[in-house]
Amino acid sequence: MKTKAAVAFEPNKPLEIVELDLAAPRKGEVLVEIVASGVCHTDAYTLDGRNPGGYFPVVLGHEGAGIVREVGGNVHGLKPGDHVIPLYTPECRECDLCLHPKTNLCSALLETQARGVMPDQTSRFSYEGRPVYHYMGCSTFSNFTVVPEIALAKIRKDAPLDKVCYIGCGATTGIGAVIFTMKVEAGASVAVWGLGGIGLNVIQGAKMAGAGRIIGVDINPAKADLATQFGMTDFVNPRDVDDVAGHLREMTGGGLDYTFECIGNVDAMRQAMDACHIGWGESCVIGVDGNEFTGHPYHLLYGRTWKGTMFGGARGRTDVPKIVDWYMDGKIDIDELITRTLPLEKINTAFDLMHQGDGIRSVITY
Ligand SMILES: NC(=O)C1=CN([C@@H]2O[C@H](COP(=O)(O)OP(=O)(O)OC[C@H]3O[C@@H](n4cnc5c(N)ncnc54)[C@H](O)[C@@H]3O)[C@@H](O)[C@H]2O)C=CC1
Ligand SMILES: N[C@@H](CCC(=O)N[C@@H](CSC=O)C(=O)NCC(=O)O)C(=O)O
C-alpha cells in the first residue's frame, strides 16, 4: 500500500513529505494507522545527526497513537479496530529482561530496532524502490506504519488519540522516572534540569509522589510559569548563578534527595549528580547525549547513586494502558503540555519551534 510520510533523507535537512510504499505486516507484525504523533527532542537529536546509531533515509517519530488496520500471521492479542500506542521499549514477556523484576527493558527487538529494521532484518518502507529505515521500532511520522505486536500497547477506545499519543514517550518517561525508576517518597526534595516535554512530566510525577520541594533548572525562564502550575516550588536559571550545584546544595541545606537530568547535556548530568545530598542522594539520567560524561569516585563513595531510565521504567504493554486510565480519570494532565496540533505538512515548523524553545509539545495529526 501507499502511505504519506515525513522522511528524513539526510541529517540536518528538513523532513520531506512524500508517498512511500509500505509492505504488508509479516508474521508477528501489525499495520497501524497513525492518528497523531508528538515530536520529541530525541527525534530532533537523530535528525541533527547526533545519534551515533542514526541511519538515513528514515521515518522518524516514536510518540504516536493509532488504530490497528491489519494483522500478520501469528498475531493473537490484537485485531483490526483496536486502539494502540506504539512502544519504543517493547515487552515480549518472554525474554530474560522481561522476566526480571528490576527492569522494563526487553531484549526481543534491541538489535534490529537499533539498526532501523524489523525483526526479519528488512524494512517495510521503501521509496522509489529503495528501503527507508524504521525508527525506534515506531516510525510514527507516517500515516501508516508496521510495528511488531510486542511493541504495541492496546488502549481503551474512548481515549483521544491526539492527546494520549504523548503517553507513547514524554508523559510516561517523565512520570515513570519518578514513580517506577526512582520511587520518590512523600516529602522528598527533587530538582529537575530541563523544563520541556519530559521535565514537566517529572515535575508532575514528583507532585503526585508528594515530594516536598521541587526545584526546576532551565536556561529559558519562559518555562517557569507552566512548571509552577505543575508543582515546581523554586526556579533556578543557570545563567544567573556561577555554580548551579553549589547553589542548589545551599538552597536545600546540603543537597537534593533526587535529581533528574531532562536535557540531554552531559554537563547538566554532572551538575545533577553534584547537587545530590551525600549519604543518600540519587540522580537519574533521562536525557540522551552521545558524549561521555564524567563523575568522581567520591560521588559514589559518599553514598550518592547514579541511575538512568528508558521510557521511565514503564513496561509498555502492562503500564501504558494504566497511564491512559490515569489521564482519563484526571489524575495526570496532558492537555496543558500540548502547545499546538499541526498537520503533517507543518512538521518542520514543529522542529523549529522546539529549537526556539517555543511551547512544550507539538502534536502532528494526519
Ligand atoms: N530516557 C528516555 O527514555 C527518554 C529521553 N528523552 C530525552 O530527554 C531529553 C529532553 O527531551 P524533551 O523534554 O522532549 O526536550 P525539550 O526540548 O522539550 O526540553 C528541553 C529543555 O531543556 C532546556 N535546556 C536546554 N539546555 C539547557 C541547559 N544547558 N541548562 C538548563 N536547561 C536547558 C530547554 O530550555 C528545554 O526547556 C532529550 O535529551 C531527549 O532525547 C526523551 C524521551 C525519552
Ligand atoms: N540508538 C537509539 C538512539 C536514541 C535513544 O537512545 N533513544 C532511547 C530513548 S529516548 C526516547 O525518546 C531509546 O529507547 N531508544 C530505543 C533503542 O532501541 O535504542 C535509536 O536510534 O533508536
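Computed from a predicted model, the values in this text were never measured in an experiment. (Residues numbered from 1 in each chain as written. Chains lettered and ligands numbered in written order. Predicted model: local features only at pLDDT ≥ 70, side-chain atom pairs only at ≥ 80, totals over all residues. Heavy atoms only, no water.)

### Remarks on the overall build of the protein chain
Counted only if it meets this: Numbering goes from the N terminus for both helices and strands, where a helix is a DSSP run of H or I of at least four residues and a strand is a run of E of at least two. This radius of gyration counts C-alpha atoms alone. The globule rule is 2.2 Å times how many residues there are, raised to the power 0.38. We call a residue buried when its accessible area falls under 20% of the maximum for its residue type, exposed when it is over 50%, and partly exposed in between, using a 1.4 Å probe and counting protein chains only.
The helix and strand inventory of the protein chain stands at 11 helices and 17 strands. Here the C-alpha radius of gyration of the protein chain, 20 Å, is about what a compact globule of 366 residues would show, namely 21 Å. The principal-axis extents of the C-alpha atoms in the protein chain amount to approximately 60 × 40 × 40 Å. Here the protein chain holds 366 residues, and the buried ones make up 57% of them.

### Overview of the packing of aromatic side chains
Inclusion rule: Within 6.5 Å between ring centres, the rings of Phe, Tyr and Trp (the latter by its six-membered ring) count as paired, and their orientation is classed by plane angle as stacked under 30 degrees, edge-to-face over 60, tilted in between.
Scanning the entire structure with this criterion turns up 6 aromatic pairs. When the ring of Phe141 is compared with that of Phe351, the centres are 6.2 Å apart and the planes differ by 85 degrees; the resulting orientation is edge-to-face. With a gap of 210 residues between them, Phe141 in the loop between strand S7 (130-132) and strand S8 (144-148) and Phe351 in helix H11 (residues 347-356) connect regions that are remote in the sequence. Judged on exposure class, the residue Phe141 and its partner Phe351 are both buried.

### Regarding the pattern of salt bridges
What counts, and what does not: Think of a salt bridge as a Lys or Arg side-chain nitrogen and an Asp or Glu carboxyl oxygen that are within 4 Å of each other.
This structure, assessed with the given rule, holds 21 salt bridges. Across the pair Lys2 and Asp21 runs a salt bridge whose closest N-O atoms are separated by 2.7 Å. Note that Lys2 is positioned in strand S1 (residues 2-7) and Asp21 in strand S2 (residues 16-22), a separation of 19 residues in sequence. With relative accessibility at 29%, the residue Asp21 sits in the partly exposed group. Between Asp82 and Lys79 there is a salt bridge, and its shortest N-O distance comes to 3.1 Å. Taken together, the salt bridges that share partners define one network made up of Arg26, Glu29, Asp120 and Arg124.

### A few points about the environment of Thr318
Basically, it comes down to this: A contact between two residues is defined here by any heavy atoms of the two lying within 4.5 Å. Pairs of N or O atoms are called polar contacts if they sit within 3.5 Å, as long as, within protein, a hydrogen donor faces a hydrogen acceptor (for residues adjacent in sequence, only side-chain-to-side-chain pairs).
When you line up the elements, Thr318 lands in helix H10 (residues 316-328). The spacing of Thr318 and Lys154 is 164 residues in sequence and 9.2 Å in space, taken between C-alpha atoms. Here Thr318 is in contact with Glu91 and Arg93, once residues within four sequence places are set aside. Reaching out from Thr318, the side chain makes a polar contact with the side chain of Arg93 at a distance of 3.1 Å.

### Considering the site of ligand 2
Under the convention used in this document: If even one non-hydrogen atom of a residue comes within 4 Å of a molecule or strand, that residue is called near it. A 1.4 Å probe and the Shrake-Rupley method give the accessible areas. Residues count as covered only by the protein chains that appear here. Amino acids outside the nonpolar list (Ala, Val, Leu, Ile, Met, Phe, Trp, Tyr, Cys, Pro) and the charged list (Asp, Glu, Lys, Arg) are all regarded as polar, and Gly is one of them.
Taken together, the residues surrounding ligand 2 are Cys40, Thr42, Asn51, Tyr55, His62, Tyr88, Gln113, Tyr135, Met136, Cys169, Val288 and Met310. With respect to ligand 2, the side chain of Thr42 contributes an N or O atom lying 2.7 Å from an oxygen atom. At a separation of 3.1 Å, an oxygen atom of ligand 2 approaches a polar side-chain atom of Gln113. Relative to its unbound accessible surface of 490 Å², ligand 2 loses 83% to contact with the protein. When the residues that make up the shell around ligand 2 are grouped by side-chain class, the tally is 8 nonpolar, 4 polar and no charged.

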